[in-house]
Every structure is written in C-alpha cells, then in structure tokens.
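# Secondary and tertiary structure notes
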Amino acid sequence: MDLLILTPLAAIVALIAAFILAKSVLSAPTGDEKMNDIADAVKEGASAYMNRQYTTITYVAVAIIAVFAAIAFTQEGQASTTWWWTTIGFAVGALFSALSGYAGMSIAVRSNIRVAEAAKSGLPGALKLAFNGGAVSGLAVAGLALLGVAGFFYLFDSVLGLADPVNPLVGFAFGSCLISLFARVGGGIYTKAADVGADLVGKVEAGIPEDDPRNPAVIADNVGDNVGDCAGMGADLFETYAVTVIGALLLGYFLIPEMANPSEIANFMKLVEFPLYLGAFAIIASIISVFFVRMGKDNNIMKALYKGMYASAAISLVGFAWITHSLFSGFDFSLITLEIGGVVGLPLDTTWLDLFLASVVGIFVVVTLVLITEYYTSTKYSPVRKIAKSSETGSATNIISGLAVGMESTLVPTLILVVALFLSYSLAGMYGIAIAAVAMLSVTGMIIAMDTYGPITDNAGGIAEMSNLPDSVRENTDALDAVGNTTKAVTKGYAIGSAALAALVLFADYIFNLQKAMGEEKIVFLLNDPVVLTGLFIGAMLPFLFSSFLMEAVGRAAGAVIEEVRRQFREMPGIMKGETRPDYGACVDIVTKSALKEMVIPGLLAVFAPLIVGFLFGPLALGGLLIGVIASGLMMALMMSNGGGAWDNAKKYIEDGNHGGKGSPAHEAAVVGDTVGDPYKDTAGPSINPLIKVINTVALIFAGLIASIGGILL
C-alpha cells in the first residue's frame, strides 16, 4: 500500500469531522423572533459582502490564469508541463482558499445566535457551543489545506509520475496567498471602517452602548467581525498552512542529489513526503483535542480554551516522534546535497532525533508566542493596564502609551524566533527550519477555532443587547467576549510567527531554484552590493507603503460612515427615542463599496513589486527585496497587532469599572485610542502576513525567467 494516500485521506477525515460538528452546532435552538431578525440581518450582510468580494477577486484571478497559460504556451517539454500544472494549481488554490474563508464566515454567522440563546442557561454550555462553532472553521481550513497540497502531490507523484512533482505546487501556494491577501485587506477595511464609525459617533458623541440597536452602524459592525476576523483569518491560515508545507516539500526535493539513481531517489523522497505525514497526524490530533475544551470548576474560560491547544501540541509531538523514527531511523544522509547558494540544506551528520527535535522547536515557538502575545494584550498584565492608566490624562497620552507598548512587543517574539532559527538550523540546516515551521501547523485547527470563537461571542453579545435579553445573559456573553478579545490577539501572534518561518523557507527555496536556473554561476548576496541593497531598501519600504494604503482606506470609509450616522441622528430624531428604526443598510452599503474599491491597489502592489524589481534589477535585487520585506514586515505586523490589541483591551479594562469606568474622561480617551488601534490590529497588521508570502511565492514562480533575463537595467 502506498502510505502517501493516507495524507489526503486524513484531510477528508477532518472535513467529515467538521461537517458532523457543524450539524451538532446548528441543531442548537436559535431563540425568539427578535433575536432571529438581528442574526439574519448580520448573516445576509456578511454573505452579500463575501459574494461581491469573491466576484471582484475572480477578475484578478482570471487575468493571472491567462498570463500563466500564455507562458505555458511559450515553453517546451517539462517546462511547459510544469507551467500548465502551476496554472491549474493556482486556480484550485484560489478556490480552496475562498472556500476556507467562506466556511469560517458561514459557521460564525449561524453560531452567534445559538450562543446567545445558550447563554440563558449558563456559561459552560455557551462556551462549548461557541468553541465548537470555531472548531468547525478550524478543521475545515486545515482539512482543505492538507487536501489541496497532499492531493496534488499524490496526483503528480503517484498517479501521473511527473518528472518534477513538486514545483507545480507553487501555483497552489500562490493562489491561496492571493485570495488570502484580498480577503484580509477587504475584510479588514470593512470591519474596521464600520467599527470606528460606530464607536466614534455612538459611544463618544451619542453616549450609547457599543451594540445599541439605535446606532445605524451596529449591523455593519457585527457583519465586519465575521468577514474580517473569521473569513480573513480562515483564508490567512489556510495559505500559511499550504505555503509552509509546500515550502518544506520544495526544500526536501532540492536536497535530492541530481546524480541519484532511481532506487536512491525513492528513498530520498522521504524528505519530500515527511512534512505531509506530519500534517496528516497533526490534523487527527486537532480532531481529538476538540474534546479537551471543557470548563473546569474555576470557570476559567481562557484555561479551557488553552487545554485544547496544549492537547493538540502534545498529541502531535508523540506522533511526530513515531513518524520521524519510522522514516529516518538508519537513513543514509551521506548523499544529500549539502549546500546550495551558500546555505546548508541538511548536515551530513543529521539523525532522526535531530529532525524530531526541530519539530519540538516549532511547538516551543507556538506556545511561547501565544503566551507573550497574551501578556501584551490581556487586561491581566501591566502593558494593557499602563495604557488604561495613561488614559486618565487624555487621548494623546493614551496613544503615546499604546504606540510604545506595540514597539516594545516586538522584542521578545523576535528573540524567540531568533532562538528557534538558530536551534533548528543547528540541528538540521534549512530543512530543520522547514520542519519547525511545519510543526507549528500542528495547532492550526485549534488556533482558528480560538480566533473564530471571538467574533461568535462578540456577535452573541450584540444580539443579546439588541434583543433586550436579561442582564444575566449579557453577563455571560460579556464574560465570553472578554476572553474572545484576547484569543483574537494571541492567534494573530501565532499567524505572524508562522508566516515569518514560512517566508524564510520560501526564501531558501528561491535561492535553490535560482541556483539551478543559473547553473555553474555562484549566487552570493553581499550587503555591500548596491544591487542587493537596492532590493533590500525597496523590500523594507513595502510593508510601510502597503500599511499606509490600508490605514487611509479605513479612515476614508470610517469618515463616510460617521457622516451617515450623524445624518440619520440629525434627520431622524425618533432613532434616539427608540421610535424609529435606523437605516442599517446604508452603512452596510458604504463599507461594502469602500472595501471592494480599496482592496485592489494593495493587492496589485504585492504581485507587481517583486516582478518589477526582478525584471529591472535582476535576481540578486529580488533576493534583497525578499529579505527586506520579511524583516520589516515581521516587525510591522508584531507592532500593529499587539499594539492594537493592547489599545482594545485597555478600553475594556476601563469599561469594567477601572479608572472611572464607562462615560469617564479616561473612557473617552481610551475609545479614541481603540479607534486608532482598530485598523492597526485588524486591517494593516494581519494583512502583512499574506503580503510577505505573496511576494515570496511570486519570486519563486518567476525565478527561472528572471534569472534568464538577468535584469533589464543591468
């Protein structure tokens, strides 16, 4: 039996588990008519936006497919075959990424009302329902990602027997990255424009609660939680999963000696298949760990959620040890290609234990990044409380403190990644870094479940408030939502860390691909080379330019929402008296049109920047660009995501009764700080992850063509 077939089968098992879990969630009661009216409005708004977003993205995808097909027509032999399968892979990757985002949104907008209804009976039942709703998204995303990568590789290697069964997978990676980028950008602009507009007019000017039904922007705000945090994160971690595994497959493939005979190649293909086996076992571990999420006697919600994550990591490690020993005990590494482009691919003295320890490093990164992100974004610790304290002296000091916390929060995560890189590289070279990155994926299902849990509980609280449910219900949804703010923050830390490791693996793949394309010519990236520095400076600038586009887009859209909410308050005085129903659809339409319009330029920037630099200045400049965008992008993403999360929870901390509580000057200052942090943490910061990977996958796909031209201006 070909054991490779077990990898797509494991993915199918995850999808079946997601379906069964979804049926269980959807069988829960949905409450009264008023609750259903509100939930239906959110569901319809989210579905309408997603349909329009994917229609817009389809035009871009079709254009790229046409370009790839045209290139395939100009190639001959194996090169033509590779380009055709790359084109097909791009289309399927884009489709699967879209499905993963839609799955996250779809289950979230159906779970929220059920959680609100369950909150009437107590906290444990509502927690379980909210988490299970998130777990549906987690298992669906991980299952689709593994199915796409493992299915294509099995097709190319075992069914079609392609001479190169790995490089066409880069098309699948690019398709998933591109959709993720647009989903993150569009959803992020939508959710934060609505959120900022609703907060500034509703809370600050009108003095009404966050989810008050009198606020004309409240439905748009609730819709945004789902299209931004659920659909955006689902597509983001789908492409992270796919790109990381494909990067590891490529690295393993490049390590196979060119002069190896067929029997040796069959043995060395274990290096290629190894990441798939790890992914298959990890996805089974995710299914099992769903049952570990239970609230204890202490009613600690965060602890209950962490049980699932720790269980997934622990079960995965046991499986990783067994798989690594089974594949590589007695494996002869002496014929491995030691070095390409000056980088050690896999040391000759590597053992199975070294590879397993590299996977342990990946788990170490997951746990430590989650904990350090919680430290900087949770109300329990000093960074958030310092921001809350600074709010007593006004908005300016709140913003200064939030910026400082965001900048400071880059230190420890960077040191964690540095230690992880050093350890995994010392153990097994670049291949060790790839395995550490793949090991991080062992908790992808749980991470997405925790992230989707946040918008579900947030919307549940909104439904409870807008439906005028008893205070006891709102107390339960508030408790769930308070933890949801932290889970959304810590999952972003995981996404950033995994993106950084995945991007470094892709950069190594770029070097290896470039070296093969350039033959005997030695590739060396020197920091005193003006060509390399040209690319480095441009790459370091791109995350800043990209973020500026998104921040301005949120500002423009939020301004339009603010004007519309003010108009309705001014022209329809019955709204504030509860006598007139606001025109919710007007705000939904404003943010929908703005998000679709504003997401195009940042998306095109990610695609064309590496091509322009590569074809004008050559492959060395493009390599410099890749390093620049990884380094500055990592720092920007950490600063924005952590700083924005700290601003958000500083506001929540004051609303809990500290520093004067709701309605106090400190609260007004914190609301202003939170609105600055909103596009930081939910639009620009998270969107940098797919930006980095889109740029790297584009470089990887076109490395051969760029190497053949060598730079038009040089």
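The rules behind these values
Residues numbered from 1 in each chain as written. Predicted model: local features only at pLDDT ≥ 70, side-chain atom pairs only at ≥ 80, totals over all residues. Heavy atoms only, no water. Helix = DSSP H or I, 4+ residues; strand = E, 2+ residues; numbered from the N terminus. Buried < 20%, exposed > 50% of the residue type's maximum accessible area, 1.4 Å probe, protein only. Contact = heavy atoms within 4.5 Å. Lys, Arg positive; Asp, Glu negative; His and termini not counted. Charge placed at Lys NZ, Arg CZ, Asp CG, Glu CD. pLDDT = per-residue confidence, 0-100. Polar contact = N/O pair within 3.5 Å; in protein donor to acceptor, adjacent residues only side chain to side chain. UniProt positions renumbered as here; feature names shortened; annotations may be inferred. Phe/Tyr/Trp six-rings, centres within 6.5 Å; stacked < 30°, edge-to-face > 60°. 1 Å grid on protein atoms, 1.4 Å probe; cavity = no way out; pocket = protein on both sides within 12 Å on 5 of 7 lines; lining within 4 Å. Points joined across faces, edges and corners; volume = space filled by probe spheres on them. Nonpolar A, V, L, I, M, F, W, Y, C, P; charged D, E, K, R; others polar. Axes fitted to C-alpha atoms, helices over the stretch in contact; angles between N-to-C directions. Parallel < 35°, antiparallel > 145°, perpendicular 65-115°, else oblique. Left-handed = near helix turned anticlockwise from the far one by under 90°. Salt bridge = Lys/Arg side-chain N within 4 Å of Asp/Glu carboxyl O. Patch = residues over 30% accessible without salt bridge, like charges linked within 9 Å, V, L, I, M, F, W, Y side chains within 5 Å. Areas by Shrake-Rupley, 256 points an atom, 1.4 Å probe, with all protein chains shown as cover.

Time to look at the overall build of the protein chain. The secondary structure content of the protein chain amounts to 20 helices and two strands. Principal-axis analysis of the C-alpha atoms gives the protein chain an extent of 80 × 55 × 45 Å. Relative to its full complement of 714 residues, the protein chain shows a buried share of 64%. Sequence-distant contacts in the protein chain: of pairs separated by 6 or more residues, those separated by 24 or more amount to 85%. In the protein chain, 39 positive and 58 negative side-chain charges are present, and the distance between their average locations comes to 7 Å.

For any part of a model where pLDDT is low, the fine detail of the predicted coordinates should not be relied upon. Residue-level pLDDT values for the protein chain average 88, and 98% of them are 70 or greater. Least confident of the elements in the protein chain is strand E1 (residues 339-340), whose mean pLDDT is 68; most confident is helix H11 (residues 395-408), at 96.

Turning our eyes to something else, we now look at the side chain of threonine 457. Topologically, threonine 457 is positioned in helix H13 (residues 444-466). Classification of threonine 457 as buried rests on a relative accessible area of 1%. There is a polar contact of 2.9 Å between the side chain of threonine 457 and the backbone oxygen of glycine 454. Not counting chain neighbours up to four residues away, the residues in contact with threonine 457 comprise Ala130, Thr477, Leu480, Asp481 and Gly484.

The subject of this paragraph is the UniProt feature "site: Determinant of potassium independence" (unreviewed entry) in the protein chain. According to UniProt, the feature "site: Determinant of potassium independence" (unreviewed entry) maps to Lys488 in the numbering used here. Position of lysine 488 among the secondary structure elements: in helix H14 (residues 471-518). Exposure remark for lysine 488: the relative accessible area of 7% places this residue in the buried category. Those residues within four positions of lysine 488 in sequence are excluded, and the remaining contacts are Asp229, Asp451, Gly454, Pro455 and Asp458.

This brings us to the environment of alanine 388. Counting through the fold element by element, alanine 388 comes out in helix H10 (residues 382-390). Given a relative accessible area of 0%, alanine 388 falls into the buried group. Through-space distance from the C-alpha of alanine 388 to that of serine 401 is 9.0 Å; in sequence the pair is 13 residues apart. Ignoring any residue separated from it by four or fewer positions in sequence, one finds alanine 388 in contact with Ala650, Tyr653, Ile654 and His659.

Right, let's talk about the packing of aromatic side chains for a bit. On inspection of all chains with the given rule, the structure shows 23 aromatic pairs. For the pair phenylalanine 90 and phenylalanine 174, a centre-to-centre distance of 5.3 Å together with 40° between the ring planes defines the contact as tilted. With a gap of 84 residues between them, phenylalanine 90 in helix H3 (residues 77-118) and phenylalanine 174 in helix H5 (residues 169-205) connect regions that are remote in the sequence. Side by side, phenylalanine 90 and phenylalanine 174 carry an identical accessibility label, which is buried. With a centroid separation of 5.9 Å and 75° between ring planes, the pair formed by tryptophan 647 and tyrosine 680 is classed as edge-to-face. Here the residue tryptophan 647 occupies a position in helix H18 (residues 619-655), and tyrosine 680 occupies one in helix H19 (residues 665-701), the gap between them amounting to 33 residues.

This part is about the layout of surface pockets. Vacant regions in the atomic arrangement are exposed by a probe of water-molecule size rolled over the atoms. Considering only enclosed or pocket space, the largest pocket measures out at about 870 Å³ in volume. The wall of the largest pocket is formed by 33 residues, among which Asp478, Ala482, Lys652, Glu655 and Asp656 lie closest to the centre. Take the lining of the largest pocket: its biggest share by element is eight residues, from H14. Of the residues that constitute the lining of the largest pocket, the class distribution is nine nonpolar, nine polar and 15 charged. Counted as a void, the second largest pocket has a volume near 600 Å³. Going through the elements one at a time, H3, helix H6 (218-254), H14, H19 and helix H20 (703-709) are the ones with two or more residues in the lining of the second largest pocket. The element best represented in the lining of the second largest pocket is H3, accounting for five residues. Its residues placed into classes, the lining of the second largest pocket shows 11 nonpolar, seven polar and two charged.

Bringing empty space enclosed by the protein into the picture now. All chains considered together, the criterion is met by four cavities of 30 Å³ or more. Size it by volume and the second largest cavity reaches roughly 80 Å³. Every residue lining the second largest cavity is listed: Asn485, Lys488, Ala489, Lys492, Ser641, Gly645, Asp648, Asn649, Lys681 and Asp682. When contributions to the lining of the second largest cavity are tallied by element, the ones reaching two or more residues are H14, H18 and H19. Residues of the lining of the second largest cavity, tallied by class, amount to one nonpolar, four polar and five charged.

Our next topic: the packing of helix H9 (residues 352-377) against H10. Their axes nearest at 5 Å, the elements H9 and H10 cross at an angle of 20°. Overall, the two elements H9 and H10 adopt an arrangement that is roughly parallel. Note on element contacts: H10 touches H9 through Ser382, Pro383 and Val384, opposite Tyr375, Tyr376 and Thr377. Grouping the constituent residues of the contact of H9 with H10 by class yields four nonpolar, two polar and no charged.

At their nearest, the axes of H5 and H6 sit 7 Å apart, and the two run at 160° to each other. The pairing of H5 with H6 is recorded here as roughly antiparallel in orientation. Handedness of the H5/H6 crossing: left-handed. The residue makeup of the contact of H5 with H6, split by class, is 20 nonpolar, eight polar and six charged.

Let's shift gears to the pattern of salt bridges. Going through the model one piece at a time under the given rule, you end up with 24 salt bridges. We note a salt bridge from lysine 380 to glutamate 374, for which the minimum N-O separation is 3.4 Å. Of the residues examined, lysine 380 reaches a relative accessible area of 49% and is grouped as partly exposed. Judged by relative accessible area, which is 5%, glutamate 374 ranks as buried. Here aspartate 678 ties to lysine 681 by a salt bridge, and the two come within 3.7 Å at their closest N and O atoms. Highlighted residues: aspartate 678 and lysine 681, both in helix H19, separated by three residues, approximately one helical turn.

This next bit is on a nonpolar patch on the surface. Side chains of Leu3, Leu6, Leu9, Ile12, Ile16, Phe19 and Ile20 sit close together on the surface and give an oily, nonpolar patch of about 660 Å² of accessible area. By the secondary structure assignment, isoleucine 16 is in helix H1 (residues 6-26).

Mapped onto the secondary structure, serine 641 falls in helix H18. Owing to a relative accessible area of 3%, serine 641 belongs among the buried residues under this scheme.

Here the phi dihedral of asparagine 299 falls at roughly 55°; this positive angle occurs in a residue that is not glycine. Relative to the helices and strands, asparagine 299 is located in the loop between helix H7 (262-289) and helix H8 (301-328). Located in the positive-phi region is asparagine 468, a residue other than glycine, with phi close to 55°. For asparagine 468, the location among the structural elements is in the loop between H13 and H14.

Moving on, we come to the environment of leucine 700. Relative to the helices and strands, leucine 700 resides in helix H19. Assessed through its relative accessible area of 4%, leucine 700 is described here as buried. C-alpha of leucine 700 to C-alpha of leucine 514: the two residues are 186 residues apart in sequence and 8.5 Å apart in space. Residues in contact with leucine 700, not counting those within four places in the same chain, are Val170, Leu250, Leu506, Asp509, Tyr510 and Asn513.

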